[in-house]
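Residue-level structure breakdown
Given next are the chains, with one letter for each unit.
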Amino acid sequence: MKALVYQGVETLGFTDVPDAIPQAGEHLIKVEAVGICGSDMHAYLGHDVRRPAPLILGHEAAGTIKGGTYDGMRVTVNPLVTCGVCPACKAGRENLCPERQIISMMPREGAFAQYVAMPMSNLVEVPDHVPLEKAALAEPLAVSWHAAQLALQALHPAMERRALVIGGGAIGLAASLALKVMGLVDVTIVEPDPARCAFLCEQADQIAVASTDQNYPIVIDAVGFGVTRASASSLVQPGGVIAHVGLGDDKPGLDVRRATLQEITFIGTYTYTAADFRDTAAALFDGRLGPLDWTQTRPLAEGTSAFADLRAGKVVTPKIILAPWS
C-alpha cells in the first residue's frame, strides 16, 4: 500500500510500505480521509520523541471497513486504543489509561496510508449523508469537546457563561463550536495571524479578533506556548477556569501566584474519553457543530508539500485533509 512516511526532521516520503494487517479483533479500514494534526507537525519538526522516524503519522481518519461482517461500513476512527480493564478505563476515563496507545505513535503506525487496522470498539459508523472528509474531523473535535466539557464542569455556577479561546486553528475553532453546542453564546476566538483571522471572520457564528482587553470566566488555551499561557493567566477572571489543551512548548508562562491568590482553576486536558468521541461524532452527524466548511483537501501524494506549506505559514484554513486514493 502507499503511505506518507515520516523519515526524519522535516522529511516525508510518499512510498510503498507493507500492507496493514488486522490483528485479532481488528478490522481493516480503507482510509478515505485523514487530517493533519498539530502533533503530526511536532513530529515532522523532530519535537516528539514518541514519534521516531521512520513512522507513518496521522490519526484523524475516516474510511470504509474492508472484508468481514462489516464490509462496506463507513466509519470514523477513535485512534486511542486502551486496555479496557484498568481503573481509569473502568471509570470511563480511557484517556488516562496507563497502557493507552495512539495510532501514529509507536508501536502503532498511523493513518497517512491507504489502509489502517483498528479494533471495532474504536470505530463509529458514519451515516450516508455525512462526507467522510467531515467525519475525519471527529477526532480533533472530540479533543475540544472534552476540554470544553471539563471547563464548564469546573466553572462556578454564579459566574457568567462566557469564554475566550486562544488560537484559531482546528482545536481552537472546534472548542468554540463545542462551547456553543453546550450553551454558551458569547465565545471569542483570539487569532493573531491576519490571514487566518480574516478567514475565521467569514465563518458563520464565529468571532475572531487580533487582541482583547476583556477578562473571561473561561479561557481555553488551544496553542500551549509559554506566551499563550501567560495570556491565559492575565485574561481569566478571578475564580475562573483555564483549560489548557495545547502542547506547543514547555516554557514558563502560567502565573501561579495569580492563580493561587484569585482561585483560578487550571485544567490540563489531553485527548478524550470514548463517550466524548461518540458524543462528538453524534453532534457532527446531526449538524449541531455547523457546516464544518473550514478545511481543504489535498491528495496524500502531495502530503510533503502540505506539511511544507503549514511549516511556512501559508495555510489559512484550520485543517488540511489528505485523501489517500486521489
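As a reminder, the structure under discussion sits directly above these lines.
Residues numbered from 1 in each chain as written. Predicted model: local features only at pLDDT ≥ 70, side-chain atom pairs only at ≥ 80, totals over all residues. Heavy atoms only, no water.

1. Some details on the sheet that holds strand E2 (residues 11–16)
The three strands lie next to each other as E2-E1-E4, forming an open sheet whose pairing is antiparallel. Bordering the open sheet on either side are E2 and strand E4 (55–56), each of which pairs with just one other strand. Here strand E1 (residues 2–8) runs beside E2; their pairing, made up of six bridges, is antiparallel. Each residue of the ladder has a partner; that of Tyr6, found in E2, is Leu12. (Pairing = 2+ DSSP bridges. Helix = DSSP H or I, 4+ residues; strand = E, 2+ residues; numbered from the N terminus.)

2. Examining the side chain of Glu26
Here Glu26 is to be found in strand E3 (residues 26–35). Its relative accessible area of 15% is what places Glu26 among the buried residues. Reaching out from Glu26, the side chain makes a polar contact with the backbone nitrogen of Gln23 at a distance of 2.8 Å. Within polar-contact distance, the side chain of Glu26 engages the side chain of Arg108 at 3.3 Å. Not counting residues within four places of it along the chain, the set of residues in contact with Glu26 comprises Ile21, Arg108, Ala117, Met118 and Pro119. (Buried < 20%, exposed > 50% of the residue type's maximum accessible area, 1.4 Å probe, protein only. Polar contact = N/O pair within 3.5 Å; in protein donor to acceptor, adjacent residues only side chain to side chain. Contact = heavy atoms within 4.5 Å.)

3. Brief notes about the pattern of salt bridges
Counted according to the given criterion, the structure contains 10 salt bridges. When the shortest N-O distance is used, the salt bridge between Lys2 and Asp16 registers 3.4 Å. One end of the pair, Lys2, is in strand E1; the other, Asp16, is in strand E2, and 14 residues separate them in sequence. For Lys2, a relative accessible area of 29% translates into the label partly exposed. With relative accessibility at 54%, the residue Asp16 sits in the exposed group. Across the pair Glu10 and Arg311 runs a salt bridge, and its minimum N-O distance is 3.4 Å. Here the residue Glu10 occupies a position in the loop between E1 and E2, and Arg311 occupies one in helix H10 (residues 303–311), the gap between them amounting to 301 residues. Ionic contacts of the salt-bridge type, sharing partners, join the residues Asp48, Arg50 and Arg51 into one network. (Salt bridge = Lys/Arg side-chain N within 4 Å of Asp/Glu carboxyl O.)

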